[in-house]
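Inside the fold
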Amino acid sequence: MSTMGNPTNVFWHECAVGKAERQKLINQQGCVVWITGLSGSGKSTLACSLDRELHSRGKLSYVLDGDNVRHGLNKNLGFSAEDRTENIRRVGEVATLFADAGLICIASLISPYRKDRDACRAMLTDANFIEAMLLSELFSVNSVCVLLGKEAIHIIYLQVFMNMTLEVCEERDPKGLYKLARAGKIKGFTGIDDPYEPPLNCEINIEQKDGVCPTPSEMAGQVVSCLDENGFLHACN
Ligand SMILES: Nc1ncnc2c1ncn2[C@@H]1O[C@H](COP(=O)(O)OS(=O)(=O)O)[C@@H](OP(=O)(O)O)[C@H]1O
Ligand SMILES: Nc1ncnc2c1ncn2[C@@H]1O[C@H](COP(=O)(O)OP(=O)(O)O)[C@@H](O)[C@H]1O
């Protein structure tokens, strides 16, 4: 019998404490900041800087970094298209749980394929969220919470694109992986002989200006501003 696919005879068990109660307890709204980009584009650097900035603002966050998750939860996965899809799916599911717990979950993975990122966005979206998004064009997210009730916004997903050229990433090459990939010693390396599909729908685009890359704290500032402007750093009363 297959263990994959939709489980049969398995039922959802509602717990005594709901998301709204958890959020109220820790005075913040759970959401996911999903950072995508080439190896060497600065995903981990931004994740750490953002984590530190949120911590200093009294917000509880947690980083799920591709490299780190592949040491444990996903250590049975490689870099085939199927394994990358499963890697993204699992991290998306874990990020959903963290956000449901009320944390700001920062996921930083190459996540090269659009369909996998879209599947995560969909995982973190439900009918209430879509309704909230429509209303949020008229009101701030906090107003939307009030209008729709505390449970209205279940989970929010913000995608950050590290929009760095392959040349910049290859020049950095802190782990020497591009060099190995160019020498044919790593097969299927993203950007070299495996595709990276840039987002069409990211909320935050981080790029060089006049050939200069924003500093780690400027990159974090850009994300914090977006979270703040959209009300995610305020309590949802
Ligand atoms: N073939 C291949 N392609 C890309 N990256 C590779 C590969 N082999 C190993 N690595 C190292 O794995 C890190 C990327 O892991 P991710 O989980 O983020 O990848 S993915 O989202 O499943 O594509 C990546 O880390 P970052 O450099 O931080 O992106 C690399 O260190
Ligand atoms: N904003 C930045 N400006 C200059 N160098 C950076 C910046 N962000 C990251 N780096 C450097 O680029 C390299 C790759 O960054 P890293 O965060 O490890 O990327 P990724 O996680 O996408 O592989 C590191 O040596 C890091 O110090």
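Cut-offs and rules
- Residues numbered from 1 in each chain as written.
- Chains lettered and ligands numbered in written order.
- Predicted model: local features only at pLDDT ≥ 70, side-chain atom pairs only at ≥ 80, totals over all residues.
- Heavy atoms only, no water.
- Near = heavy atom within 4 Å.
- Polar contact = N/O pair within 3.5 Å; in protein donor to acceptor, adjacent residues only side chain to side chain.
- Areas by Shrake-Rupley, 256 points an atom, 1.4 Å probe, with all protein chains shown as cover.
- Helix = DSSP H or I, 4+ residues; strand = E, 2+ residues; numbered from the N terminus.
- Nonpolar A, V, L, I, M, F, W, Y, C, P; charged D, E, K, R; others polar.
- Expected span 1.5 Å × (residues − 1).
- Buried < 20%, exposed > 50% of the residue type's maximum accessible area, 1.4 Å probe, protein only.
- Arc of directions from axis to C-beta.
- Contact = heavy atoms within 4.5 Å.
- Core = buried A, V, L, I, M, F, W, Y, C linked by side-chain atoms within 4.5 Å.
- Phe/Tyr/Trp six-rings, centres within 6.5 Å; stacked < 30°, edge-to-face > 60°.
- Lys NZ or Arg CZ within 6 Å of the ring centre and 35° of its normal.
- UniProt positions renumbered as here; feature names shortened; annotations may be inferred.
- Salt bridge = Lys/Arg side-chain N within 4 Å of Asp/Glu carboxyl O.
- Pairing = 2+ DSSP bridges.
- Axes fitted to C-alpha atoms, helices over the stretch in contact; angles between N-to-C directions.

**Thoughts on the site of ligand 2**
In the region of ligand 2, 15 residues are neighbours, and Gly40, Lys43, Ser44, Thr45 and Pro214 sit closest. Interatomic distance of 2.7 Å between a backbone N/O atom of Gly40 and an oxygen atom of ligand 2. Contact distances for ligand 2 include 2.5 Å between an oxygen atom and a side-chain N or O atom of Thr45. If ligand 2 stood free it would expose 550 Å²; the protein chains cover 72% of that surface. Mapped onto the shell around ligand 2, the elements with two or more residues apiece are helix H2 (43–56) and helix H10 (216–229). If one sorts the elements of the shell around ligand 2 by residue count, H2 sits on top with three residues. Here the residues of the shell around ligand 2 sort into six nonpolar, seven polar and two charged.

**Here's the deal with H10**
Relative to the 20 Å expected for 14 residues at 1.5 Å per residue, H10 spans 20 Å between its end C-alpha atoms, a close match to the ideal helical length. Taken as a whole, H10 has its buried residues at Met219, Ala220, Val223, Val224, Cys226 and Leu227. Taken down its axis, H10 places every buried residue within 160° of arc, on the same side. For H10, the exposed residues set more than 90 degrees away from the buried face come down to Ser217 and Glu229. Buried residues along H10 sit in contact with strand E1 (31–36), H2, strand E4 (156–162) and strand E5 (204–206).

**Comments concerning the nonpolar core**
Among the nonpolar cores identified, the biggest contains 32 residues, and Leu46, Leu50, Val160 and Leu227 are the most heavily contacted of them. Contributing elements (two or more residues each) for this core: E1, H2, strand E3 (104–108), E4, helix H8 (166–172), helix H9 (177–182), E5 and H10. It is H10 that contributes the most residues to this core, six residues altogether. When residues no more than four places from it in sequence are discounted, the contact partners of Leu50 are Val33, Ile106, Ala220, Val223 and Val224. Val69, Ala99, Cys120 and Leu124 belong to the second largest nonpolar core, which has 14 residues in total.

**Let's talk about the packing of aromatic side chains**
Enumeration according to the criterion identifies four aromatic pairs in this entry. Where Phe161 meets Tyr196, the ring centres are 6.0 Å apart and the plane angle is 15°; that geometry is what we call stacked. Taken as a pair, Phe161 in strand E4 and Tyr196 in the loop between H9 and E5 lie far apart in primary sequence, 35 residues in all. Both residues of the pair, Phe161 and Tyr196, belong to the buried class. Its guanidinium or amino end placed over the ring of Phe79, Arg70 lies 3.8 Å from that ring's centre, counting from NZ or CZ.

**Brief notes about the UniProt feature "domain: APS kinase" (unreviewed entry) in the chain**
UniProt marks residues 29–132 and 156–206 with the feature "domain: APS kinase" (unreviewed entry), using the numbering shown here. Here residues 156–206 runs as 25% helix and 20% strand, with 20 Å between its end C-alpha atoms.

**Comments concerning the pattern of salt bridges**
Under the definition given, this model contains ten salt bridges. Among the ionic pairs, Lys175 bridges to Asp67, the shortest N-O distance being 2.7 Å. In this pair, Lys175 sits in the loop between H8 and H9 while Asp67 sits in helix H3 (residues 66–69), placing the two residues 108 residues apart along the sequence. On the accessibility criterion, Lys175 (52% relative accessible area) is exposed. The salt bridge involving Glu93 is made with Arg89; its shortest N-O contact spans 4.0 Å. Of the two residues, Glu93 and Arg89 both sit in helix H4 (residues 81–101), four residues apart, roughly one turn of that helix. Connected via shared salt-bridge partners are Glu86, Arg89, Arg90 and Glu93.

**Let's talk about the sheet that holds strand E2 (residues 61–65)**
Strand order across the open sheet formed by five strands is E2-E3-E1-E4-E5, with parallel pairing between neighbours. Looking along the sheet, the strands with just one partner apiece sit at the ends: E2 and E5. Averaged over all pairs of adjacent strands, the angle between their axes in this sheet comes to 20°, without regard to strand direction. With respect to the sheet, H2 is in contact with E1, E2, E3, E4 and E5, its orientation differing from that of E3 by roughly 165°. Those strands touched by H4 are E1, E2 and E3, and its axis lies near 150° from that of E1.

**Section: unusual backbone geometry**
The backbone phi angle of Asn27 is positive, close to 55°, even though this residue is not glycine. Within the fold, Asn27 resides in the loop between helix H1 (19–26) and E1. By relative accessible area, Asn27 is classed as partly exposed at 42%. Phi is positive for Ser111, which is not a glycine, with a value near 35°.

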